[in-house]
Amino acid sequence: MTAAISLESISIVLVKTSHPGNVGSVARAMKTMGLSDLRLVEPKSADICSAEEAISLASGAVDVLENARVYNTLPDALADRNVAFALSARLRDLGPGLQSPQEAAREALVLTQSGVGAAFVFGAERTGLSNEELLVCNRQVTIAANPAYSSLNLSQAVQIVAYALRMEWAAGVQAQADENSLAGTLQQGGRLASVKAVADLQAHWLRAMEAVDFINPDKPKKVVQRLARMLAKTPLEQEEVDMLRGFFSDVIRVVDNRLYPHEFERKKH
Ligand code: SAH
């Protein structure tokens, strides 16, 4: 993910919710994770968001309730969305493709980044989403749960999805920061070493280890793999490679000088 990623553009849609307390708790679950777009389809009462219990459970997230929009049908609520993820624990014949919250969150963020509008759709407390409502959606997301009792409270289901979105979003932002810091290194004049330069460094490092008898060249054990894996972890700059190679050259020269002083003297002349 390279362009700016926003959680605010991802919508949470609640279908036929009856308890104002749940709507308040959903608002809180959303705001704590950075979501803000709440949509209600046919709530039990049109003013459910201003009910005392909703406001009380929303706590510091009353703004999410105030900005919530009410729709008559699910398709109406999704008119400006391009992809909808339906939350349901129940498996249906020929339902949409199944995903975990993490998979769905990742897909939603990738799509959002390319300008696609994404929504997560939740069903009513007692009945959940109907087959028709589910088929309006592109994917079905199931939260792994106890098969003997898999129905979470509505706002808790929203919390899990919102958290998955936040985690995936944070991972994307981190990847972006890493990319930037790599770009920063290069902008400051740093030049990344080539794969060949790092392979040559590794060979040099091993020769220095042999010179001081740290490894037996005939039986190097796991050192070669460990060293290769360690070098693969960081993109090294050419200056770092040069510094290490200078150090290994000195190690080898000093050892040679001690072991074969005459040879060394001869080479010098
Ligand atoms: N009794 C309903 C469940 C209602 S729970 C039923 O049988 O479908 C309210 C909503 O929370 C559900 O419609 C769904 O959107 C979400 N939800 C609860 N538990 C879930 C789970 N394990 N996986 C996915 N969504 C879940």
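Residues numbered from 1 in each chain as written. Predicted model: local features only at pLDDT ≥ 70, side-chain atom pairs only at ≥ 80, totals over all residues. Heavy atoms only, no water.

With respect to the pairing of strand β4 (residues 83-87)
When you tally the buried positions in β4, you get five out of five residues, the bulk of the element. Both faces of β4 are covered, namely the face carrying Val83, Phe85 and Leu87 and the face carrying Ala84 and Ala86. Of the pairings in the sheet, the one linking β4 to strand β6 (residues 118-122) comprises four bridges and is parallel in character. Within β6, the residue paired with Ala84 across the bridge is Ala119. Here β4 runs beside strand β7 (residues 139-141); their pairing, made up of three bridges, is parallel. Following the sheet pairing, Ala86 is matched in β7 by Gln140. (Buried < 20%, exposed > 50% of the residue type's maximum accessible area, 1.4 Å probe, protein only. Helix = DSSP H or I, 4+ residues; strand = E, 2+ residues; numbered from the N terminus. Pairing = 2+ DSSP bridges.)

A few points about the packing of aromatic side chains
A complete count under the given rule lists three aromatic pairs for this structure. Plain terms: the ring middles of Trp205 and Phe248 are 4.9 Å apart, the flat faces sit at 45° to each other, and that makes the pair tilted. With Trp205 in helix α8 (residues 195-211) and Phe248 in helix α10 (residues 238-259), the pair connects residues that are 43 residues apart, well separated along the chain. Since its relative accessible area comes to 17%, Trp205 is described here as buried. Accessibility expressed as a relative area gives 5% for Phe248, which makes it buried. Ring geometry for Phe247 against Phe248: centres 5.5 Å apart, planes inclined by 50°, an arrangement best described as tilted. The exposure class of Phe247 is exposed, given its relative accessible area of 52%. Taken together, Trp205, Phe247 and Phe248 form an aromatic cluster joined through their ring pairs. (Phe/Tyr/Trp six-rings, centres within 6.5 Å; stacked < 30°, edge-to-face > 60°.)

Description of the site of the ligand
The local shell around the ligand holds 20 residues, among which Leu87, Gly123, Ile143, Ser150 and Leu152 are the closest. Separating an oxygen atom of the ligand from a side-chain N or O atom of Arg90 is a distance of 3.2 Å. Within the backbone of Arg126, one N or O atom sits 3.1 Å away from a nitrogen atom of the ligand. About the coverage of the ligand: the protein hides 89% of its 540 Å² of free accessible area. (Near = heavy atom within 4 Å. Polar contact = N/O pair within 3.5 Å; in protein donor to acceptor, adjacent residues only side chain to side chain. Areas by Shrake-Rupley, 256 points an atom, 1.4 Å probe, with all protein chains shown as cover.)

Function cannot be inferred from these measures alone, as they are strictly geometric.
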